[in-house]
Amino acid sequence: MKRVFSGVQPSGNLTIGNYLGALKQFVELQNEADAFYCVVDLHALTVQQDPEELRKRSREIAQIYLACGVDPVKSTVFIQSHVREHAELGWLLQCVSYMGELNRMTQFKDKAEGKANVTVGLYTYPVLMAADILLYDTTHVPVGDDQKQHIELTRDIAERFNNRFGETFVIPNPQIQKFGARIMSLTEPNKKMSKSAENEKSRIAILEDPATFKKKIMSAVTDTDNEIRFDEENKPGISNLLSLYSLFTGDSLDATVARFQGEGYGTLKKQLVEVMTDKLGTIQARYHELSQDPAELDRILATSAERARTIAEQTVNRVKDAMGL
Ligand code: ADP
Ligand code: NA
């Protein structure tokens, strides 16, 4: 049985990068796997958060999962801190993880750069992520390209544990789409779009209104040679817009490139705004519908957390047993 686990941090408003790189896959995978989709609020604590804001945002993200098409009957949708075994296994795994391997994590280097006070949690966060995944005997982890290194680390930790203490963990595989795994910033197309980046104009939120995202698309950074073709290295801005168009419509990249051949950049941008308005409009309508019944969301989260806990508890018991606790 294919078992899927993935999570998103409640550390900002979910972007179209999160949607195309992660959530869209969540929806597809729930039909072929036993899927666990988590809002990883413990991870958000690695940087300072406003408590009320964090609580609100965690629920919002669960609601966005549902609005995008994650079906709580097929999938287990829950909030990480509701299942205490995540923190518990996180500690146990810290004691089989090495500082040397954490020092190599590029995301830590990026996030810590230039900051005066970096928490220990930000440093050890990949180990908590390993715990999240390993708790559920996960076989596949659908993520964007940026998480590849963390999944590798998870595999290393699990293999080391199994060698030292006997077969305990299932070794998970990253499931990264060949195309669309890395949506780029609209202002600096050499960087990935991120919900926690400082520049608002670099990203578009899933819940953003069309007038606002239209402005961002129309002023997205491109280049000056005025030719539409897909070339990520030399034309990252235009390539990103072509990818977005293809991913939002479901048309192949080749068909998309052919469609806009010989057109001006403005045409590509305008038509992209149209397809985004359509797709995001549907998600936003569902989101607002779900907002009418917050008690239903609470019920879904509670039932799911209970189901998750049953499995997580068994794993932690197995780990403690193996380690002599
Ligand atoms: P962010 O980096 O935006 O803060 P998270 O770290 O919470 O997002 O990642 C949530 C999921 O979204 C992960 O699977 C991650 O790989 C994916 N993801 C994040 N940014 C992008 C992007 N620009 N393109 C594709 N997938 C992305
Ligand atoms: Na990320």
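Residues numbered from 1 in each chain as written. Chains lettered and ligands numbered in written order. Predicted model: local features only at pLDDT ≥ 70, side-chain atom pairs only at ≥ 80, totals over all residues.

Peer 1: Could you clarify how one ought to interpret the overall build of the chain in this entry?
Peer 2: When helices and strands are counted, the chain shows 13 helices and five strands. A globule of 325 residues ought to have a C-alpha radius of gyration of about 20 Å, and the chain, at 20 Å, matches this closely. Of all 325 residues assigned to the chain, the portion counted as buried reaches 40%. The long-range share in the chain, meaning contacts at least 24 apart out of those at least 6 apart in sequence, stands at 74%. (Helix = DSSP H or I, 4+ residues; strand = E, 2+ residues; numbered from the N terminus. Rg over C-alpha atoms; globule rule 2.2 N^0.38 Å. Buried ≥ 20, exposed ≤ 12 C-beta atoms within 10 Å, placed from the backbone. Contact = placed C-beta atoms within 7 Å.)

Peer 1: How should I be thinking about the confidence of the model for the chain in this particular structure?
Peer 2: When pLDDT is averaged along the chain, the result is 96, and 100% of the positions lie at 70 or above. For this predicted complex, the interface confidence comes out at an ipTM of 0.94, alongside a pTM of 0.92. (pLDDT = per-residue confidence, 0-100.)

Peer 1: It is not clear to me how the UniProt feature "short sequence motif: 'HIGH' region" (unreviewed entry) in the chain should be interpreted in this structure. Could you clarify?
Peer 2: What UniProt calls "short sequence motif: 'HIGH' region" (unreviewed entry) maps, in this numbering, to residues 10-18. Along residues 10-18, the helical share is 33% and the strand share 0%, with 12 Å between the first and last C-alpha atoms. (UniProt positions renumbered as here; feature names shortened; annotations may be inferred.)

Peer 1: What exactly am I supposed to notice about the environment of Arg259 here?
Peer 2: Secondary-structure assignment places Arg259 in helix H11 (residues 253-260). Looking at Arg259, the number of C-beta atoms within 10 Å reads 17, which means it is partly exposed. When the C-alpha positions of Arg259 and Ile228 are compared, they lie 9.9 Å apart, and in sequence the two are 31 residues distant.

Peer 1: What am I meant to see in the domain arrangement of the chain here?
Peer 2: Where interface size is quoted, it is often the accessible area lost as the parts come together. Domains assigned within the chain are domain 1 (3-176 + 294-323) and domain 2 (200-288). The gap between the C-alpha centroids of domain 1 and domain 2 is 30 Å. Elements with a minimum of two residues in the side of domain 1 that touches domain 2: helix H1 (16-29) and helix H3 (51-68). Its residues assigned to classes, the side of domain 1 that touches domain 2 comprises seven nonpolar, four polar and no charged. (Domains from an automatic or database assignment. Nonpolar A, V, L, I, M, F, W, Y, C, P; charged D, E, K, R; others polar.)

Peer 1: Got a minute to help me understand the site of ligand 1 in this structure?
Peer 2: Around ligand 1, 21 residues are found, and the nearest of them are Gly17, Gly21, Val143, Gly144 and Ile183. The element contributing the most residues to the shell around ligand 1 is H1, with five residues. Its residues assigned to classes, the shell around ligand 1 comprises seven nonpolar, 10 polar and four charged. (Near = placed C-beta within 6 Å.)

Peer 1: For this particular structure, what's the right way to read the nonpolar core?
Peer 2: Nonpolar side chains in soluble globular proteins tend to be buried together. Counting 77 residues, the largest nonpolar core has Tyr65 and Val77 as its most contacted members. Ranked by the residues each element gives to this core, the list is headed by helix H7 (residues 120-134), at eight residues. (Core = buried A, V, L, I, M, F, W, Y, C linked by C-beta atoms within 7 Å.)

Peer 1: Help me understand unusual backbone geometry, please; the structure alone is not making it clear to me.
Peer 2: Backbone geometry follows two general trends: most residues other than glycine have a negative phi, and most peptide bonds adopt the trans configuration. Despite not being glycine, Asp137 shows a phi value in the positive range, around 50°. Residue Asp137 is classed as partly exposed on the basis of its C-beta count, with 16 C-beta atoms lying within 10 Å. One non-glycine residue, Asn226, adopts positive backbone phi at about 55°. Tracing the backbone shows Asn226 in the loop between helix H9 (210-218) and helix H10 (236-249).

Peer 1: What is the right way to read the packing of H10 against H11 from this model?
Peer 2: When two helices pack together, their arrangement is captured by the angle between the axes and the distance separating the axes. Close contact between H10 and H11 brings their axes to 9 Å; oriented N to C, the two are set at 115°. In this structure, H10 meets H11 at a crossing whose hand is right-handed. Contact with H10, carried on its side by Leu242, Tyr245 and Ser246, involves Leu253, Thr256 and Val257 of H11 and no other residues of that element. Per-class residue counts for the contact of H10 with H11 are four nonpolar, two polar and no charged. (Axes fitted to C-alpha atoms, helices over the stretch in contact; angles between N-to-C directions. Left-handed = near helix turned anticlockwise from the far one by under 90°.)

Peer 1: Can you help me understand the pairing of strand E2 (residues 34-39) in this one?
Peer 2: When a strand is regular, its side chains alternate between the sheet's two faces. For E2, the tally of buried residues reaches five of six residues, placing the bulk of the element in the interior. Two strands pair when backbone bridges link them, and strand E1 (residues 3-8) and E2 are joined in this way by six bridges, in the parallel orientation. Paired with Val8 across the strands is Val39, a residue of E2. Running through H1, the crossover from E1 to the neighbouring parallel element E2 is right-handed. For E2 and strand E3 (residues 75-79), the ladder comprises five bridges, and the chain directions are parallel. Across the sheet, Val39 pairs through a bridge with Ile79, a residue of E3. (Pairing = 2+ DSSP bridges. Right-handed = clockwise from strand over helix to strand, strands pointing away.)

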